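Now for the letters of each chain:
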Amino acid sequence: MRHPGTRCYRPAAWVLLLLVALAGCDANDEAARCEIFQTCDVTATLNVALIEHQTRPPANVSLLFKVDTEDGAPVPGLQPANFDIFENEQLVSRFESRQSIVPKAGQFRFTVALLLDLSGSIVASESLEPLKAAARSFVEATLFARDDPRYGEIEMGIWWFDGQAELVPLVGVTSDPDLLLAGIEDITADLPKDNSTNLYGAVVQGIDQIDQRLEVLVREQIIAAGTVVLFTDGTDQASRVPRSEAMTAVRRARPDVSIYAIGLGGEIDEATLTEIGRDGFVAASRIDDLLPRFQEIAGFIRDEANSYYLLEYCSPKRSGEHELTVRVTDGTAVGLLATRFEANEFTAGCTVSQVLAKVGGGR
């Protein structure tokens, strides 16, 4: 099995400012800077991608960014102590600046499209109830509860397919896990209308659904990323869409969308599902193995969503333009992010929400 979550993440529409090697400086300058940012003895690198930064009165600076390993695996669960902030190459006190990881639902959204195969081989067998249980566990493991400060950062919609030409919506995109769980409970054996399997059509339409949702969020000025998760227990039988068209849709899927596949039983085409699940494919040989496979994918998706951070702090600057560098470490590797900001309107009285301190700011 190819390990999910190791595709390098390069959103083309976002500004990527990764400061790993300081090109353009002579050896003395580079040595001095690596000493300032404590990177001289680093052997492993974190990729830190700046998505957006903002300033607002009285003196708040916020940065939305993503952290990955050198291999492109997401790095979730970092705490404020994992970040050091430098202004003009001088370390800013973590305590005086009140730096914190804050909820990002208003600025960032991660959308999950769950596609469930409800063809005849599922509904006419003993697999339907275990599939519903696995789907419920997937929802619970992926979304945040309503009382969690991060509620709204991750949302999900559920579609199902059989042999019909179109995906059928089960629950529209929502951040409310209760709505999704109720929709799953409503799945019955008489819901599907065509015993065949339009697998390739589901792939193409599922990617299109996530694209449409992300475009809506962007129009609402919300930065967005997402994933498609497809479950099937067989192969394409309907022949409504050529295999080549489905694979082209996967290859051309936008870089801020990941695609996973879950297969059940011995009739699946693992080579095809591995290609469809370009970011991860897991297989359950028996129905009893289905729930842990769904939970496994949910873990990767939660890690991906939680590798985005909104770091906010109070700047001590009161005028002028300044260089801002954030040093990120996870204990074994280090990455640097660099940008600039203006402090001409900054004054005293800055505060930063500490709401995530109680829940750990990560997974």
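Residues numbered from 1 in each chain as written. Predicted model: local features only at pLDDT ≥ 70, side-chain atom pairs only at ≥ 80, totals over all residues. Heavy atoms only, no water.

The final tally for this structure, using the stated rule, is 2 disulfides. At a sulfur-sulfur separation of 2.1 Å, the disulfide partner of cysteine 34 is cysteine 40. Between cysteine 34 and cysteine 40, the disulfide has an S-S torsion of 95° and is therefore right-handed. For cysteine 34, a relative accessible area of 16% gives the class buried. Residue cysteine 40 is classed as partly exposed on the basis of its relative accessible area, which comes to 42%. For cysteine 314, the disulfide goes to cysteine 350, at an S-S distance of 2.0 Å. Of note, the bridge from cysteine 314 to cysteine 350 carries an S-S torsion of about -80° and is left-handed in sense. Of this pair, cysteine 314 sits in strand S12 (residues 308–314) while cysteine 350 sits in the segment after strand S14 (334–342), and the two are 36 residues apart along the sequence. Both residues of the pair, cysteine 314 and cysteine 350, count as buried. Disulfide connectivity for the protein, with bonded cysteines indexed by sequence position, reads 1-2, 3-4. (Disulfide = S-S within 2.5 Å. Buried < 20%, exposed > 50% of the residue type's maximum accessible area, 1.4 Å probe, protein only. Helix = DSSP H or I, 4+ residues; strand = E, 2+ residues; numbered from the N terminus.)

The element S12 is largely enclosed, with a buried count of 7 among its 7 residues. Of the two faces of S12, the one holding Tyr308, Leu310, Glu312 and Cys314 and the one holding Tyr309, Leu311 and Tyr313 are both buried throughout. Where strand S2 (residues 60–68) lies against S12, 7 bridges are found, and the strand directions are antiparallel. Each bridged residue has a counterpart across the sheet, and for valine 61 the counterpart in S12 is tyrosine 313. Pairing of strand S5 (residues 100–101) with S12 involves 2 bridges; the strand directions are antiparallel. (Pairing = 2+ DSSP bridges.)

Counting 74 residues, the largest nonpolar core has Leu116, Phe138 and Phe294 as the members making the most contacts within it. Considering every element that reaches this core, the biggest residue donor is helix H8 (residues 290–305), with 7 residues. Residue contacts for leucine 116: discarding those within four places in its chain leaves Leu131, Ala135, Ile158, Trp159, Trp160, Phe161, Ile187, Phe231 and Phe294. (Core = buried A, V, L, I, M, F, W, Y, C linked by side-chain atoms within 4.5 Å. Contact = heavy atoms within 4.5 Å.)

Before going further, it helps to examine the sheet that holds strand S1 (residues 47–56). Pairing in this open sheet of 4 strands is antiparallel, and the strands run S1-S2-S12-S5 from one edge to the other. Looking at strand neighbours, the two that pair on one side only are S1 and S5, the edges of this open sheet.

Turning our eyes to something else, we now look at the packing of helix H3 (residues 128–142) against helix H4 (residues 177–185). Two packed helices can be described by the angle between their axes and the distance between those axes. H4 packs onto H3 with a crossing angle of 175° between their chain directions and a minimal axis gap of 10 Å. The orientation of H3 relative to H4 falls into the category roughly antiparallel. Only Pro177, Leu180, Leu181, Ile184 and Glu185 of H4 make contact with H3, whose side of the interface consists of Lys132, Ala135, Arg136, Val139 and Glu140. The residue inventory of the contact of H3 with H4, partitioned by class, reads 6 nonpolar, no polar and 4 charged. (Axes fitted to C-alpha atoms, helices over the stretch in contact; angles between N-to-C directions. Parallel < 35°, antiparallel > 145°, perpendicular 65-115°, else oblique. Nonpolar A, V, L, I, M, F, W, Y, C, P; charged D, E, K, R; others polar.)

What follows deals with the confidence of the model for the protein. On average, the protein scores 89 in pLDDT, and the residues at 70 or more come to 89%. Considering only residues more than four positions removed or in separate chains, one finds that residues 1–25, a stretch of pLDDT under 50, has 71 contacts. Note on residues 355–363: pLDDT is under 50 here. Beyond four places in sequence and across chains, it has 26 contacts. (pLDDT = per-residue confidence, 0-100.)

In this section: the environment of aspartate 162. Inspection of the secondary structure puts aspartate 162 in the loop between strand S7 (154–161) and strand S8 (168–174). Judged by its relative accessible area of 1%, aspartate 162 falls in the buried class. As for aspartate 162 and leucine 118, which are separated by 44 residues in sequence, their C-alpha atoms are 5.4 Å apart. Once you skip the residues sitting within four places of it in the chain, aspartate 162 turns out to touch Leu118, Ser119, Pro192, Lys193, Asp194, Ser196, Thr197 and Asn198. Engagement of the side chain of aspartate 162 in a polar contact is seen with the backbone nitrogen of aspartate 194, the distance being 3.1 Å. (Polar contact = N/O pair within 3.5 Å; in protein donor to acceptor, adjacent residues only side chain to side chain.)

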